[in-house]
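# Residue-level structure breakdown
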Amino acid sequence: MDLFDHLAPLWLTLKVATLATGLALTAGVGVGWLLARKRFWGREWLDALASLPLVMPPTVLGYYLIVMLGHNGWLGHWLYAKLHITLMFTWQGAVIAAAVSALPLVLKSARAAIEGVDTRLEQAARVLGAAEIAVAWTVTLPLAVRGIVAGTLLAYARAMGEYGATLMIAGDIPGRTQTLSMAVFDAVQTGDDHLANTLVFIISAACVLILVGASQLLKPRYE
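Calculation criteria
Residues numbered from 1 in each chain as written. Predicted model: local features only at pLDDT ≥ 70, side-chain atom pairs only at ≥ 80, totals over all residues. Heavy atoms only, no water. Helix = DSSP H or I, 4+ residues; strand = E, 2+ residues; numbered from the N terminus. Buried < 20%, exposed > 50% of the residue type's maximum accessible area, 1.4 Å probe, protein only. Contact = heavy atoms within 4.5 Å. Areas by Shrake-Rupley, 256 points an atom, 1.4 Å probe, with all protein chains shown as cover. Lys, Arg positive; Asp, Glu negative; His and termini not counted. Charge placed at Lys NZ, Arg CZ, Asp CG, Glu CD. Patch = residues over 30% accessible without salt bridge, like charges linked within 9 Å, V, L, I, M, F, W, Y side chains within 5 Å. Salt bridge = Lys/Arg side-chain N within 4 Å of Asp/Glu carboxyl O. Axes fitted to C-alpha atoms, helices over the stretch in contact; angles between N-to-C directions. Parallel < 35°, antiparallel > 145°, perpendicular 65-115°, else oblique. Left-handed = near helix turned anticlockwise from the far one by under 90°. Nonpolar A, V, L, I, M, F, W, Y, C, P; charged D, E, K, R; others polar.

## Observations regarding the overall build of the protein chain
- Across its full length, the protein chain carries 10 helices and 0 strands.
- Reading the helices (α) and strands (β) of the protein chain from amino to carboxyl end gives α-α-α-α-α-α-α-α-α-α.
- Taken along its principal axes, the extent of the C-alpha atoms in the protein chain is 65 × 50 × 25 Å.
- When each of the 223 residues of the protein chain is scored for burial, the buried share is 41%.
- Pairs at least 24 residues apart make up 72% of the contacts formed inside the protein chain by residues separated by at least 6 positions.
- Surface exposure of the protein chain reaches about 12,400 Å², of which carbon and sulfur atoms provide 70%.
- Here the protein chain holds 15 positive side-chain charges and 14 negative ones, and the gap between their average locations is 14 Å.

Have a look at this one:
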């Protein structure tokens, strides 16, 4: 096996984690703002539903994704019948699995950060004639950006390490859907300790750097 074959899981992991974090960021900030600033029936139920991947076993999450995105799933069947798109056993499916797994980390951080923004500042912007979307973009989100970025970093680390749900929906296909986490498992299974140690070091170092960056962003500004 040449160097490219060894590095392929790393490149795929970075691609999957980046795209998954982008999806999680978009959905997480949107839902976080909705939960923080709007009052409606079922609000906490929505929060609980979006937070389920934090506590749900990855295999159960993967099963739900198969039910939804599989060839016989309501969404997967529609995607294949109308657009000829299949997500099962593809790296795109891995992106969806990682995004769903990482979503709660962005959501929780975004909601907390937005709830920490002084509503009087938002009200002042409304008095000056700003529309609600303008208030969110020019006042709320800039003031909450540190917490949102911290949550995004944590989500990226979570997406990099995702295994269970990704394995169920995307499989473990070398060169196609095999991420770093799966490559570590395969290396251990085949007795390739050198490769396993190298991959584990890469994942561990990346996660430590991300966690340090997130902790710096979450520090109080006056420190």
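## Describing a nonpolar patch on the surface
- Taken together, the side chains of Leu 49, Leu 52, Leu 54 and Val 55 make up a nonpolar region of the molecular surface, amounting to roughly 400 Å² of accessible area.
- Inspection of the secondary structure assignment puts Val 55 in helix H2 (residues 43–55).

## Some points on the packing of helix H5 (residues 91–115) against helix H7 (residues 132–161)
- Packing of H5 against H7 brings their axes to within 8 Å, and their N-to-C directions diverge by 155°. Relative to H7, the element H5 lies roughly antiparallel. H5 and H7 meet at a crossing whose hand is right-handed. Residue-level contacts link Ala 98, Ser 101, Ala 102, Leu 105, Val 106, Ser 109, Ala 110, Ala 113 and Ile 114 of H5 to Thr 140, Leu 141, Ala 144, Gly 147, Ile 148, Gly 151, Thr 152, Leu 154, Ala 155, Arg 158 and Ala 159 of H7.

## Describing the pattern of salt bridges
- Throughout the structure, instances matching the rule amount to 9 salt bridges.
- A salt bridge links Asp 47 to Arg 111, with the shortest nitrogen-to-oxygen separation between them at 2.9 Å. Taken together, the positions of Asp 47 in helix H2 and Arg 111 in helix H5 put the pair 64 residues apart, joining distant regions of the chain. Neither Asp 47 nor Arg 111 differs from the other in exposure class; each is buried.
- Across the pair Glu 115 and Arg 111 runs a salt bridge whose closest N-O atoms are separated by 3.1 Å. Here the residue Glu 115 and the residue Arg 111 both occupy positions in helix H5, the gap between them amounting to 4 residues, near one helical turn.

## Remarks on the packing of helix H6 (residues 119–127) against H7
- Contact geometry of H6 with H7 gives a least axis separation of 10 Å together with a crossing angle of 150°. Remark: the crossing between H6 and H7 carries right-handed chirality. Of the residues in H7, those in contact with Leu 121, Glu 122, Ala 125 and Arg 126 of H6 are Glu 132, Val 135, Val 139, Thr 140 and Leu 143.
- Grouping the amino acids of the contact of H6 with H7 by side-chain chemistry returns 5 nonpolar, 1 polar and 3 charged.

Interpretation note: all reported values are geometric properties and have no functional meaning in isolation.
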